[in-house]
Amino acid sequence: MKTITLLDNDSLSLYVYPEHGIVHHEIHKFVFGETWREMMMKGADAFIEHGCTKWLSNDKSNSAMRQEDLEWGQKNWEGRILEKGWKYWALMMPEKAIGKMNMRPIVDRYAGMGVTVQIFSEFDDAFKWLTQQS
C-alpha cells in the first residue's frame with residue numbers, strides 16, 4: 001500500500017493513502033492553534049489533490065478542541081473537503097472525557113451534512129471500515 005507522509009513530528013502525523021482515497025491524521029499530544037490548522041490544511045490539500053472521500057482521525061491523545069480552532073475549521077476547512085466529496089469519517093475519539101464530550105457535537109454536525117461517521121477504538125478496525133466504503 002502506497003503511503004505518503006505529509007507531516008510527522010512529536011505532535012502529530014499526517015498521511016494520505018491515495019489508492020484508498022484516505023487522509024489520516026494521528027495526534028500524539030494536545031494539538032491546537034497553528035499546528036492544528038497546518039495539519040488540517042495540508043490534509044485538505046492532499047484530500048483534494050488525490051481525489052479522496054475518506055478521513056481517518058486518530059484523536060486518542062488529543063483533548064478538547066479550542067473554540068477558535070473549531071470556528072476556524074468550520075470557516076476554512078470543512079467547506080473545502082465537503083465540496084470535493086467527503087463521504088466517510090472514521091474517528092478514534094480522544095481518551096479524555098472532556099475531549100469525547102467536545103467531539104460529540106462535531107460528529108453530529110458532519111453526520112447532519114451527509115458524512116457517514118463511525119467511531120472506533122482501534123486503528124486497524126477504522127482503516128478496514130474505510131477501505132470497505134466506496
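Parameters and conventions
- Residues numbered from 1 in each chain as written.
- Predicted model: local features only at pLDDT ≥ 70, side-chain atom pairs only at ≥ 80, totals over all residues.
- Heavy atoms only, no water.
- Helix = DSSP H or I, 4+ residues; strand = E, 2+ residues; numbered from the N terminus.
- Rg over C-alpha atoms; globule rule 2.2 N^0.38 Å.
- Buried < 20%, exposed > 50% of the residue type's maximum accessible area, 1.4 Å probe, protein only.
- Contact = heavy atoms within 4.5 Å.
- Areas by Shrake-Rupley, 256 points an atom, 1.4 Å probe, with all protein chains shown as cover.
- Core = buried A, V, L, I, M, F, W, Y, C linked by side-chain atoms within 4.5 Å.
- Axes fitted to C-alpha atoms, helices over the stretch in contact; angles between N-to-C directions.
- Parallel < 35°, antiparallel > 145°, perpendicular 65-115°, else oblique.
- Left-handed = near helix turned anticlockwise from the far one by under 90°.
- Arc of directions from axis to C-beta.
- Phe/Tyr/Trp six-rings, centres within 6.5 Å; stacked < 30°, edge-to-face > 60°.

1. Topic: the overall build of the protein
So, step 1. Helix and strand counts for the protein stand at five helices and six strands.
So, step 2. In the protein, the order of α-helices and β-strands from amino to carboxyl end is β-β-β-α-β-α-α-β-α-β-α.
So, step 3. Compactness check: the protein gives a C-alpha radius of gyration of 13 Å against a globular reference of 14 Å for 134 residues, within 12% of the reference.
So, step 4. The dimensions of the protein, computed from C-alpha atoms along their principal axes, are 35 × 35 × 30 Å.
So, step 5. Within the protein, buried positions represent 46% of all 134 residues.
So, step 6. Contacts in the protein between residues far apart in sequence, at least 24 positions, make up 68% of those at least 6 positions apart.
So, step 7. Of the roughly 6,800 Å² of accessible surface on the protein, a fraction of 47% belongs to carbon and sulfur atoms.

2. Things to note about the nonpolar core
So, step 1. Membership of the largest hydrophobic core comes to 28 residues, with the highest contact counts inside it found for Val 23, Met 39, Trp 55, Trp 77, Trp 86 and Trp 89.
So, step 2. Sorting elements by how many residues they give to this core places helix H1 (residues 33-49) first, with six residues.
So, step 3. Residues Tyr 17, Ile 22, Tyr 88 and Met 92 belong to the second largest nonpolar core, which totals twelve residues.

3. Let's talk about the packing of H1 against helix H2 (residues 67-76)
So, step 1. For the pair H1 and H2, interaxial distance at closest approach is 11 Å and the crossing angle is 25°. Overall, the two elements H1 and H2 adopt an arrangement that is roughly parallel. Here H1 runs over H2; the crossing is right-handed. Across the interface between the two elements, Gly 33, Trp 36, Arg 37, Met 40 and Met 41 of H1 pack against Glu 68, Asp 69, Trp 72, Gly 73 and Asn 76 of H2.

4. Observations concerning helix H5 (residues 123-131)
So, step 1. Every buried residue of H5 is accounted for by Ala 126, Phe 127, Trp 129 and Leu 130. Projected down its long axis, H5 shows its buried positions confined to an angular sector of 160°, all on one face. Facing away from the buried surface of H5 by more than 90 degrees, the exposed residues are Asp 124 and Lys 128.
So, step 2. Its buried side turned inward, H5 meets strand E2 (12-17), strand E3 (22-27), strand E4 (54-58), strand E5 (88-92) and strand E6 (116-120).

5. Regarding the packing of aromatic side chains
So, step 1. In the structure shown here, the tally under the stated rule is 14 aromatic pairs.
So, step 2. Ring plane angle 75° and centroid distance 5.8 Å describe the contact between Trp 36 and Trp 72, whose orientation is recorded as edge-to-face. With Trp 36 in helix H1 and Trp 72 in helix H2, this pair connects stretches of sequence that are 36 residues apart.
So, step 3. For Trp 36, a relative accessible area of 7% translates into the label buried.
So, step 4. Judged by relative accessible area, which is 15%, Trp 72 ranks as buried.
So, step 5. Aromatic pair Trp 55 and Trp 77: ring centres 5.2 Å apart, planes at 90°, arrangement edge-to-face. Residue Trp 55 is found in strand E4, and its partner Trp 77 is found in the loop between H2 and helix H3 (78-83); the two are separated by 22 residues along the sequence. When sorted by exposure, Trp 55 lands in the same class as Trp 77, which is buried.
So, step 6. An aromatic cluster is built from Phe 47, Trp 55, Trp 77, Trp 86, Trp 89 and Tyr 110, whose rings are joined through pairwise contacts.

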